[in-house]
Amino acid sequence: MKKLGGLILAISLLLSGCSSDPQIDLLHAKQDEQELETLRFILEDEEKMSESVGVFFDHQVIVAVQVHPLSKFRKEKIEKRISDELKKKFPNHEIFVSSDLKIMWELKDLVDQHPSEEELKKSLADIQSLAKEAT
Amino acid sequence: MDAKSYQPIVDQIAPKRPVLKNCMTAFLTGGIICAIGQLISYVYMYFFNFTERTASNPTVATMVFIAMLLTGFGLYKKIGQFGGAGSAVPVTGFGNAVISAAIEHKSEGFILGVGGNMFKLAGAVIVYGVFSAFVVALFKTILVSMGVLEWS
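Residues numbered from 1 in each chain as written. Chains lettered and ligands numbered in written order. Predicted model: local features only at pLDDT ≥ 70, side-chain atom pairs only at ≥ 80, totals over all residues.

## Some points on the interface of chain A and chain B
- Taken together, the eight residues of chain A in the interface contact seven residues of chain B.
- Put simply, the parts of the chain that give the side of chain A that touches chain B at least two residues each are α4 (101-113) and α5 (117-131) of chain A.
- At three residues, α4(A) tops the list of elements feeding residues into the side of chain A that touches chain B. (Contact = placed C-beta atoms within 7 Å. Helix = DSSP H or I, 4+ residues; strand = E, 2+ residues; numbered from the N terminus.)

## Side note on the packing of helix α2 (residues 19-47) of chain B against helix α4 (residues 76-83) of chain B
All names here are of chain B.
- The geometry of α2 relative to α4 is characterised by a closest axis approach of 8 Å and an angle of 135 degrees between their N-to-C directions. What the angle tells us is that α2 and α4 run oblique. Taking contact as the criterion, the partners of Thr-25, Ala-26, Thr-29 and Gly-30 in α2 are, on α4, Ile-79, Phe-82 and Gly-83.
- Broken down by class, the residue content of the contact of α2 with α4 amounts to three nonpolar, four polar and no charged. (Axes fitted to C-alpha atoms, helices over the stretch in contact; angles between N-to-C directions. Parallel < 35°, antiparallel > 145°, perpendicular 65-115°, else oblique. Nonpolar A, V, L, I, M, F, W, Y, C, P; charged D, E, K, R; others polar.)

## Some thoughts on the sheet that holds strand β2 (residues 49-57) of chain A
Residues and elements named next belong to chain A.
- Taken in spatial order, the four strands of this open sheet run β1-β2-β3-β4, and their pairing is mixed. On the outer flanks of this sheet lie β1 (23-28) and β4 (94-98), each paired with one strand and no other. Going from strand to strand, the sheet's axes swing by 10 degrees on average, the running direction of each strand aside.
- One ladder, built from eight bridges, connects β2 with strand β3 (residues 60-67); its direction is antiparallel. The residue bridging Phe-57 from the neighbouring strand is Gln-60, located in β3.
- The strands that α5 touches are β2, β3 and β4; relative to β2, the one it contacts most, it runs at about 130 degrees. (Pairing = 2+ DSSP bridges.)

## Concerning α4(A)
- For α4(A), with 13 residues, the first-to-last C-alpha span of 18 Å sits near the 18 Å given by 1.5 Å per residue.
- Lys102(A), Ile103(A), Met104(A), Glu106(A), Leu107(A) and Leu110(A) are the residues of α4(A) that are buried.
- The inward-facing, buried residues of α4(A) abut β2, β3, β4 and α5 of chain A together with α2 of chain B.
- A positive backbone phi angle near 50 degrees is found at His114(A), which sits one or two residues after α4(A). (Expected span 1.5 Å × (residues − 1). Buried ≥ 20, exposed ≤ 12 C-beta atoms within 10 Å, placed from the backbone.)

## Here's the deal with the pairing of β3(A)
Residue and element names in this part refer to chain A.
- By the criterion of burial, β3 is predominantly enclosed, with six of the eight residues buried.
- What sits between the antiparallel neighbours β2 and β3 is a turn of two residues, in which Asp-58 has the positive phi angle 50 degrees.
- Where β3 and β4 come together, five bridges link them in parallel fashion. Among the inter-strand pairings, Val-61 is bridged to a residue of β4, identified as Ile-95.
- Where the polypeptide runs from β3 across helix α3 (residues 75-89) and back to β4, its parallel neighbour, the crossover connection is right-handed. (Right-handed = clockwise from strand over helix to strand, strands pointing away.)

This is the structure in structure tokens:
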């Protein structure tokens, strides 16, 4: 009986990790609601994703995504798919999509801090240099 | 008694190998080692400027270092007895192989003993690791120069 209880607990813990809705945090330096809505729509459309953060700044869109554990093997494909879709929707923006956890953490911190434009510029440059393994 | 009739008697008398139990303990041990590794890589990502991709190098180094310390203190032996392959297959087994060989041959002197035998087992890993990496890189270089693949 005890074993069965343990098994049920283990399975429910395992499954509860997959059931939550995707969380999307967005920030726009110029507060353009329409662009934010477009980005939210694209990100919500991606069902393999568990969490995402997006930042608009000076004709740049920087997006970090986290995919479900079982989709981790196709992480790069999902990255590319989102990037292609964003390029279509924002043709005059520079697109940067990453599925790296570190970039996700850094971007999330940035969105939570509500930084000034100067800080945003510096932090985004830091994050991009991180992704290029320049640190 | 010839070898043919001897073998069934051995099979009859020898204790049965607990294959399933061994698999379970190996799975658990390997899993715990990997979970610790994951934790260390999160620490590197959270407190230092490492990304998911670059954090793997210092994580491997740290895990090997921890395994070397544990081997020196005689603790890895106990983990190995419990976990079997689960403790040998992760990268920590590599650290254990180096240090245990070094300790074993210390009595033969530092040059011919420790130096000569340290990489007895781990040397094969290094040689084949480096060689296969070279072959894969060679193939990729050829494919990229032919335009089939891209560096990414």
